[in-house]
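# Chain and residue survey
For reference, the chains in residue letters:
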Amino acid sequence: MDEPVIVVTRRWPESVEQELARRFPHVQLNADDVPLGRDGLRAALEQADVVLPTVSDRLPAELFEGEVRTRFLGNFGVGYNHIDVEAAAKAGIVVTNTPRVLTNTTADTAMTLMLMVARRAGEGEREVRAGRWTGWRPTHMMGADVTGKTLGILGMGRIGVAVARRGHFGFGMPVVFYDPVDFEPDHGIPGARRVSTKEEVLQTADFVSLHMPGSSGNTHLIDAAALAQMKPTAFLINSARGDVVDQKALIEALKSGTIAGAGLDVYENEPQITQELIELDNAVLLPHLGSATLETRTAMGMLVLDNLQDFLEGREPSCRVA
Ligand code: DGY
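Everything numeric here is computed off the predicted structure, so don't read it as measured data. (Residues numbered from 1 in each chain as written. Predicted model: local features only at pLDDT ≥ 70, side-chain atom pairs only at ≥ 80, totals over all residues. Heavy atoms only, no water.)

### Side note on the packing of aromatic side chains
Using the criterion set out here, one finds three aromatic pairs in the structure. Centroid distance W12 to F76: 5.0 Å. Interplanar angle 45°. Geometry classified as tilted. Here F76 lies in the loop between β4 (72–74) and α3 (85–90) and W12 lies in the loop between β1 (6–8) and α1 (14–23), a separation of 64 residues in the sequence. A single burial state applies to W12 and to F76, both of which are buried. Between the aromatic rings of F207 and F235, the centroid separation amounts to 5.2 Å while the plane-to-plane angle is 15°, which identifies the pairing as stacked. With F207 in strand β9 (residues 207–210) and F235 in strand β10 (residues 235–238), this residue pair connects regions lying 28 residues apart in the sequence. Neither F207 nor F235 differs from the other in exposure class; each is buried. (Phe/Tyr/Trp six-rings, centres within 6.5 Å; stacked < 30°, edge-to-face > 60°. Helix = DSSP H or I, 4+ residues; strand = E, 2+ residues; numbered from the N terminus. Buried < 20%, exposed > 50% of the residue type's maximum accessible area, 1.4 Å probe, protein only.)

### A few points about the site of the ligand
Contacts to the ligand come from V55, G77, V78, G79, L102, R241 and H288. R241 is positioned with one of its side-chain polar atoms (N or O) 2.7 Å from an oxygen atom of the ligand. Interatomic distance of 2.7 Å between a side-chain N/O atom of H288 and an oxygen atom of the ligand. Contact with the protein chains hides 88% of the accessible area of the ligand, taken as 230 Å² for the molecule alone. (Near = heavy atom within 4 Å. Polar contact = N/O pair within 3.5 Å; in protein donor to acceptor, adjacent residues only side chain to side chain. Areas by Shrake-Rupley, 256 points an atom, 1.4 Å probe, with all protein chains shown as cover.)

### Focus: the domain arrangement of the protein
By the assigned domains, the protein splits into domain 1 (6–101 + 293–312) and domain 2 (103–285). If you average the C-alpha positions of domain 1 and of domain 2, the two centres end up 31 Å apart. If you look at the interface, domain 1 gives eight residues, while domain 2 gives seven residues. Summed over both partners, the interface of domain 1 with domain 2 comes to about 660 Å²; 42% of that surface belongs to carbon and sulfur atoms. Inspection of the domain 1/domain 2 interface yields zero salt bridges. (Domains from an automatic or database assignment. Contact = heavy atoms within 4.5 Å. Buried area = accessible area lost by both parts, 1.4 Å probe. Salt bridge = Lys/Arg side-chain N within 4 Å of Asp/Glu carboxyl O.)

### So, the side chain of D243
Inspection of the secondary structure assignment puts D243 in the loop between β10 and α9 (247–256). Of the side chains with opposite charge, R241 comes closest to the buried, unpaired D243, at an N-O distance of 6.3 Å. From its side chain, D243 meets the backbone nitrogen of S215 in a polar contact 2.9 Å long. Contact partners of D243, with chain neighbours within four places excluded, come to N81, G214, S215, N218, T219, H220 and E268. (Lys, Arg positive; Asp, Glu negative; His and termini not counted.)

### A closer look at the sheet that holds strand β7 (residues 175–178)
Strand order across the open sheet formed by seven strands is β8-β7-β6-β9-β10-β11-β12, with parallel pairing between neighbours. Looking at the sheet topology across the chains shown, the edges are occupied by β8 (193–194) and β12 (283–285). Two elements, strand β6 (residues 151–154) and β7, share four bridges in a ladder whose sense is parallel. Across the sheet, residue G152 finds its bridge partner in β7, namely V176. Set on the sheet, helix α6 (residues 158–171) makes contact with β6, β7 and β9; between it and β6 the angle comes to about 175°. With respect to the sheet, α9 is in contact with β10, β11 (261–264) and β12, its orientation differing from that of β11 by roughly 140°. (Pairing = 2+ DSSP bridges. Axes fitted to C-alpha atoms, helices over the stretch in contact; angles between N-to-C directions.)

### Describing the pairing of β9
Taking every second residue as pointing to the same face, both faces of β9 are buried, with F207 and S209 on one and V208 and L210 on the other. The pairing of β6 with β9 spans four bridges and is classified as parallel. The partner of I153 across the bridge, within β9, is S209. Bridge count for β9 against β10 is four bridges, and the pairing is parallel. Bridging across to β10, S209 finds its partner in I237. Following the backbone out of β9, through helix α8 (residues 224–229) and into the adjacent parallel β10, one traces a crossover that is right-handed. (Right-handed = clockwise from strand over helix to strand, strands pointing away.)

### A look at the nonpolar core
If you look at the biggest cluster of nonpolar residues, it comprises 42 residues, and the most contacted ones within it are W12, L52 and V163. For this core, the two domains that each supply at least three residues are domain 1 (6–101 + 293–312) and domain 2 (103–285). With sequence-adjacent residues up to four places away left out, V163 is seen in contact with A107, A110, M111, M114, L151, I153, S209 and H211. (Core = buried A, V, L, I, M, F, W, Y, C linked by side-chain atoms within 4.5 Å.)

### Regarding the pattern of salt bridges
Where charged atoms of side chains with opposite charge meet at close range, the side chains can pair. In the structure shown here, the tally under the stated rule is 19 salt bridges. For D281, the salt bridge identified is with R126, shortest N-O distance 2.8 Å. Taken as a pair, D281 in the loop between α10 (275–278) and β12 and R126 in helix α5 (residues 121–129) lie far apart in primary sequence, 155 residues in all. Looking at R126, the relative accessible area reads 38%, which means it is partly exposed. In this structure, E316 and R320 form a salt bridge, with 3.2 Å as the shortest nitrogen-oxygen distance. According to the relative accessible area criterion, R320 is partly exposed, its value standing at 38%.

In structure tokens:
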């Protein structure tokens, strides 16, 4: 493939777009940043050698049916449950993602959610901005401490470990974790306790932070029954994928006091968020900002380019997932 036709589905950080354009003469950038939608994505797969999508693009199996020109899909992001990678592979397409470079930034987002929801930071900010703050008083907006509380991690991969380390070394939190995959994570956290069921984490932890991939058996892993296992004083943190949590059940649990609160960066049916959730003061809601720093988004883009360069030069891309 001498001079591949490349479609980038969304805007990328400027320096990465410039690098892409410098290396390849036939790059179609998305200056308006309007999602391509189903038809636009299908057209890209028919007309481009390389498509560089991201989490806001849905690429189900049907999109890979029939004649497809694309040979390389370089996902901008570590999670790729929005792509049917089996169908892509069947269509002869190599798929890559961007692990590692976003680990710390995403872990920082999980900590942000934890602190915000426990200390009622969103609620407090709304009060100040609305001019409703009447001054200091001993019982005003009392939250819960984070320091010293038990941190439960579901999914002890790179990001789970990074969150656990922050909790343990930064806030003195004992760590309890569950991961269904049979490996010993290299976490270096004294006393971190691996348990054999997710229920043990749910029952023990004051903060339950989710770090597993979306879909693939994890859809609604946190349902009404799981939420009922948690302490009424506990908080749920989701910076993984929206479909991991049954949003209806979560809203019910937040309303009824089954759990104390939730910090969410991801949702079922993004970017739609139900009004019921928006109205809940014990939920902190961020717009999928997990990896959103200039440094990290630039590193993610450069990693997509490295993967692409490897593919075009006949090497195995280091972040190949299919
Ligand atoms: C990721 O990398 O998976 C982020 O959630 C953005 O897609």
